[in-house]
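Below, each chain spelled out in residue letters.
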Amino acid sequence: ARADASTASCFSLIAFLALACCGGGRCFSMLCCFGSSISDSLEDMFQNYPDTQDLAAKSNGMLVMPLVTKGGFLLGGSFGRGALLINNTVVDYYSATSGNVGLQIGGQQFAHVLFFMTEDALAGFRRSPGWVGGADVEYATPERGKSVRAQTLTSLAPVIGVVFAQSGLRLGATLEGTKYSRIIP
């Protein structure tokens, strides 16, 4: 009975993520309007968190994930798609996925941008068949209208991630790493 409940939770999560990733009035076809989602997300971030413009100017590249959907009930996961920009030009498309087990319930959608602050960090990301964000990423989650912490702007971290545009409710902490993989159209 426990295995059946676990399997049912897994299928429920997959259905939730599939519906959430295809809904919400956002377009997810890379060929259709994916570029506008990228530019809209950057515009939103720069408008609401002006300090991020300094990060963008100093970075060697940015991975923009305009919408990541995360959900779970004991078993959890997330999925999103985005684009890598170098010199404000899209050079590659990426997916972001994660899976986890732990005390959690609910769903959430958010956007995030990874700023690659060194050439080595950017080159390592692009070379990797599946790059996992870990201890080398410093995350900032500014509140709307607030600035990114001064320590983040002067950080020596090779990669800085800014999470914004959060919606939904997700309770519980989990230990996870998000895997970024290049999408070959």
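Every value quoted in this text rests on a predicted model; they were computed, and no experiment measured them.

A.B. asks: Which parts of the structure should I look at to understand the overall build of the chain?
C.D. replies: Within the chain, the regular secondary structure consists of 5 helices and 6 strands. Going from the N terminus to the C terminus, the chain shows its helices and strands as α-α-α-β-β-α-β-β-α-β-β. A buried classification covers 42% of the 185 residues belonging to the chain. Surface exposure of the chain reaches about 9900 Å², of which carbon and sulfur atoms provide 57%.

A.B. asks: What is the right way to read the environment of Leu156 from this model?
C.D. replies: Here Leu156 shows up in the loop between helix H5 (150–153) and strand S5 (159–171). Sequence-wise, Leu156 and Met117 are 39 residues apart; in three dimensions their C-alpha atoms are separated by 8.2 Å.

A.B. asks: I'm lost on the packing of aromatic side chains in this one. Help?
C.D. replies: We describe a pair of aromatic rings using the distance from one ring centre to the other and the angle between the two ring planes. For the structure on display, the rule yields 7 aromatic pairs. Consider the rings of Tyr49 and Phe164, whose centres lie 6.3 Å apart with planes at 65°: the pair is edge-to-face. Here Tyr49 is found in the loop between helix H2 (34–48) and helix H3 (52–58), whereas its partner Phe164 is found in strand S5, with 115 residues between them in sequence. Here Tyr49 matches Phe164 in class, with each residue buried. Taken together, a centroid distance of 5.8 Å and an interplanar angle of 45° make the contact between Trp131 and Tyr180 tilted. Here Tyr180 lies in strand S6 (residues 179–183) and Trp131 lies in strand S3 (residues 131–132), a separation of 49 residues in the sequence. For the pair Trp131 and Tyr180, one class covers both residues: buried. Taken together through their ring pairs, the aromatic side chains of Tyr94, Phe116, Phe125, Trp131 and Tyr180 make up a single cluster.

A.B. asks: Sorry, what's going on with unusual backbone geometry here?
C.D. replies: Most of the time, phi is negative for any residue but glycine, and the peptide bond is trans. A positive phi angle, near 70°, is found at Leu74, a position not held by glycine. One non-glycine residue, Asn88, lies in positive phi territory at about 60°. Summarising the element assignment, Asn88 is placed in the loop between strand S1 (61–86) and strand S2 (89–116).

A.B. asks: Please clarify how a nonpolar patch on the surface should be interpreted in this entry.
C.D. replies: A cluster of nonpolar side chains, namely Phe73, Leu74, Leu103 and Ile105, defines an oily patch on the protein surface of about 430 Å² accessible area. Going through the elements one at a time, S1 and S2 are the ones with two or more residues in the nonpolar patch. When you line up the elements, Leu74 lands in strand S1.

A.B. asks: I'm lost on the nonpolar core in this one. Help?
C.D. replies: Burial of nonpolar side chains together is a common tendency in soluble globular proteins. Residues Leu42, Met45, Met62, Val113 and Phe115 are the most contacted members of the largest nonpolar core, which totals 19 residues. Those elements that provide at least two residues to this core are H2, H3, S1, S2 and S5. Residue contributions to this core peak at 4 residues, all from S1. Beyond its immediate stretch of four places on either side in the chain, Val113 contacts Leu42, Met45, Met62, Leu63, Val64, Ile160, Gly161, Val162 and Phe164.

A.B. asks: Mind showing me how you'd approach the confidence of the model for the chain here?
C.D. replies: Predicted coordinates in regions of low pLDDT should not be interpreted in detail. Predicted confidence across the chain gives a mean pLDDT of 76, with 67% of residues reaching 70 or more. Within the chain, helix H1 (residues 2–22) has the poorest average pLDDT of any element, 42, and helix H4 (residues 119–127) the best, 95. Confidence drops under a pLDDT of 50 for residues 2–33, and excluding neighbours within four residues, the segment shows 34 contacts in the predicted structure.

About the cut-offs
Residues numbered from 1 in each chain as written. Predicted model: local features only at pLDDT ≥ 70, side-chain atom pairs only at ≥ 80, totals over all residues. Heavy atoms only, no water. Helix = DSSP H or I, 4+ residues; strand = E, 2+ residues; numbered from the N terminus. Buried < 20%, exposed > 50% of the residue type's maximum accessible area, 1.4 Å probe, protein only. Areas by Shrake-Rupley, 256 points an atom, 1.4 Å probe, with all protein chains shown as cover. Phe/Tyr/Trp six-rings, centres within 6.5 Å; stacked < 30°, edge-to-face > 60°. Patch = residues over 30% accessible without salt bridge, like charges linked within 9 Å, V, L, I, M, F, W, Y side chains within 5 Å. Salt bridge = Lys/Arg side-chain N within 4 Å of Asp/Glu carboxyl O. Core = buried A, V, L, I, M, F, W, Y, C linked by side-chain atoms within 4.5 Å. Contact = heavy atoms within 4.5 Å. pLDDT = per-residue confidence, 0-100.

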